[in-house]
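Topology and contacts: notes
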Amino acid sequence: MALTETVPAAAPPAHEGILRRQSLRESAARTYARSLPIVPVRARGLTIEGADGRRYLDCLSGAGTLALGHNHPVVLEAIRTVLDSGAPLHVLDLATPVKDAFTTELFATLPGKLAETARIQFCGPAGTDAVEAAFKLVRTATGRDGLMAFSGAYHGMTAEALAASGGAQHTSVVRLPYPYDYRCPFQTGGERGAELAARWTQSLLDDPKSGVPRPAGMILEPVQGEGGVIPAPDGWLRRMREITAARQIPLIVDEVQTGVGRTGAFWAVDHSGIVPDVIVLSKAIGGSLPLAVIVYREELDAWQPNAHAGTFRGNQLAMAAGAATLAYVRTNGLDRRAGELGRRMLDRLTALAAAHDCIGDVRGRGLMLGVELVDRSADADAMGARPADPQLAAAVQHACLERGLIVELGGRHSAVVRLLPPLTITDEQAEAILDRLADAIAAAVRTTPGPTGSSPTTMRGTSP
Ligand code: PMP
């Protein structure tokens, strides 16, 4: 399919009617629909076509779900094969050949040491249910209750998953500092900042008067996604593994967003070589259909039959689409491709940051990239960081949409523009994404006054 060019025909009434009815009928809690008022009717690869005839480059990818983009032929073929076979589509958690093939393919990709003795629990088909299952599992196995999680984390919207997320207000989960170079709470950043964060964790666990009892488990994301695309240093991850292993605390790694090649390794833990006790998987493992599992060390398998039941744990189409996706990423080395292309895109984003003082930081790993927008008129702190500028970020997102580019916002203040393109994009498509983003940032800077009333035109030189 050719790269998208927007065809801004006058919006037909059907398109407007659908959007109007959505805003009248759907919940006030609706999410992406608010900032992305489009009506997708067709999609292939990176491209979505709206009911108004406009085409968009989709860098939201179902919040990081679409490793192979929309409607990849191998995914469609896998789904059609199940449909044509007459296999039952609903089977609770019964054994089927489709499920058997999915589990075999998944285990083939897992870190060796985990795969050797792994157990898998099929969960209700959302990442958040798998997070709940992981908490239940480690609580049962350890007989302990508390949990450790990190500032800025996102693990889902059900009660316990939300309590472990950074946005939670009243929670008994102990919150630990996550290494965030640009806004390092220890004002050092780099390896030293990460080491201080690790020492803080260690001291909480070892100080008998810290007020923190030994927890049932620690949960972390190897790259915080919703938290603003913050990759954890490999050394810090290894420290977390050592600290938890030495104290018999199960380490739960949430790879819901980072898995299946997204960060430049098949699983993000592969970069550091750590082997978690529990790994939480969803999004891309279902090949665009709903599927969520936890995979864990056999020794933790102490819970009772029915401990984490649910009606929709046997989605055959998702397992077939997921197995096809995992196999395609593995056999085509798309994890390595994501790493290489991601590095080149990050270089270009770094050049863009040098041209715009409203870009405080650019970062990412593989094809999980973020651009943090800041108030260009505010004073920088001792580390050179400026306050976030959510208003400018929203303007950039809007300007991107006008230019036929769909991006998500994330981060503590929704001021980080996030790029999560499919792993299948070409070099040319990557360039087109960055051209549109650069153009959108320049346009938003021209039209948006900073939160402290800065002049709307403060560019450093020319944009790349
Ligand atoms: N964990 C992580 C790291 C996530 O990014 C998300 C979703 N963005 C979840 C858990 C929750 O997944 P779901 O929305 O499918 O419940």
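Residues numbered from 1 in each chain as written. Predicted model: local features only at pLDDT ≥ 70, side-chain atom pairs only at ≥ 80, totals over all residues. Heavy atoms only, no water.

What follows covers the pairing of strand β1 (residues 40–44). Side chains on a regular strand alternate between the two faces of the sheet. Bridge count between β1 and strand β2 (residues 47–50): 4 bridges; the pairing is antiparallel. Bridge pairing in β2 links Arg44 to Thr47. Between β1 and β2, which pair antiparallel and follow one another directly, the connecting turn spans 2 residues, one of which, Gly45, has a positive phi of 60°. (Pairing = 2+ DSSP bridges. Helix = DSSP H or I, 4+ residues; strand = E, 2+ residues; numbered from the N terminus.)

Bringing the packing of helix α13 (residues 334–355) against helix α15 (residues 427–447) into the picture now. Where α13 contacts α15, the two axes come as close as 11 Å, and the packing angle between them is 25°. Put simply, α13 runs roughly parallel to α15. Every pair of crossing elements has a handedness; the one defined by α13 and α15 is right-handed. Of α15, the residues touching α13 (which contributes Arg337, Leu341, Arg344, Met345, Arg348, Leu349 and Leu352) are Asp427, Ala430, Glu431, Ile433, Leu434, Asp435, Leu437, Ala438 and Ile441. Along the lines of polarity and charge, the residues of the contact of α13 with α15 split into 10 nonpolar, no polar and 6 charged. (Axes fitted to C-alpha atoms, helices over the stretch in contact; angles between N-to-C directions. Parallel < 35°, antiparallel > 145°, perpendicular 65-115°, else oblique. Left-handed = near helix turned anticlockwise from the far one by under 90°. Contact = heavy atoms within 4.5 Å. Nonpolar A, V, L, I, M, F, W, Y, C, P; charged D, E, K, R; others polar.)

Taken together, the neighbourhood of the ligand is formed by Ala126, Gly127, Thr128, Tyr154, His155, Gly156, Glu221, Glu226, Asp254, Val256, Gln257 and Lys283. One of the side-chain nitrogen or oxygen atoms of Glu226 is found 3.1 Å away from a nitrogen atom of the ligand. The separation between a nitrogen atom of the ligand and a polar side-chain atom of Lys283 is 3.0 Å. Protein contacts shield 84% of the accessible area of the ligand, which totals 390 Å² for the unbound molecule. (Near = heavy atom within 4 Å. Polar contact = N/O pair within 3.5 Å; in protein donor to acceptor, adjacent residues only side chain to side chain. Areas by Shrake-Rupley, 256 points an atom, 1.4 Å probe, with all protein chains shown as cover.)

Before going further, it helps to spend a moment on the domain arrangement of the chain. Domain annotation of the chain identifies domain 1 (14–71 + 334–447) and domain 2 (74–331). A C-alpha centroid distance of 25 Å is found between domain 1 and domain 2. At the junction of the two partners, domain 1 supplies 42 residues and domain 2 supplies 40 residues. Taken together, the two surfaces of domain 1 and domain 2 that pack against each other cover about 3200 Å², and 56% of this comes from carbon and sulfur. Taken as a group, Arg365, Met368 and Arg412 account for 24% of the area that domain 1 buries against domain 2, more than any other trio of residues on that side. On inspection of domain 1 and its partner domain 2, the count reaches 3 salt bridges. Across the pair Glu372 and Arg183 runs a salt bridge whose closest N-O atoms are separated by 2.8 Å. Where domain 1 packs against domain 2, one counts 21 residue pairs in polar contact (both at pLDDT 80 or more). Among the residues forming the side of domain 1 that touches domain 2, the class breakdown is 20 nonpolar, 11 polar and 11 charged. (Domains from an automatic or database assignment. Buried area = accessible area lost by both parts, 1.4 Å probe. Salt bridge = Lys/Arg side-chain N within 4 Å of Asp/Glu carboxyl O.)

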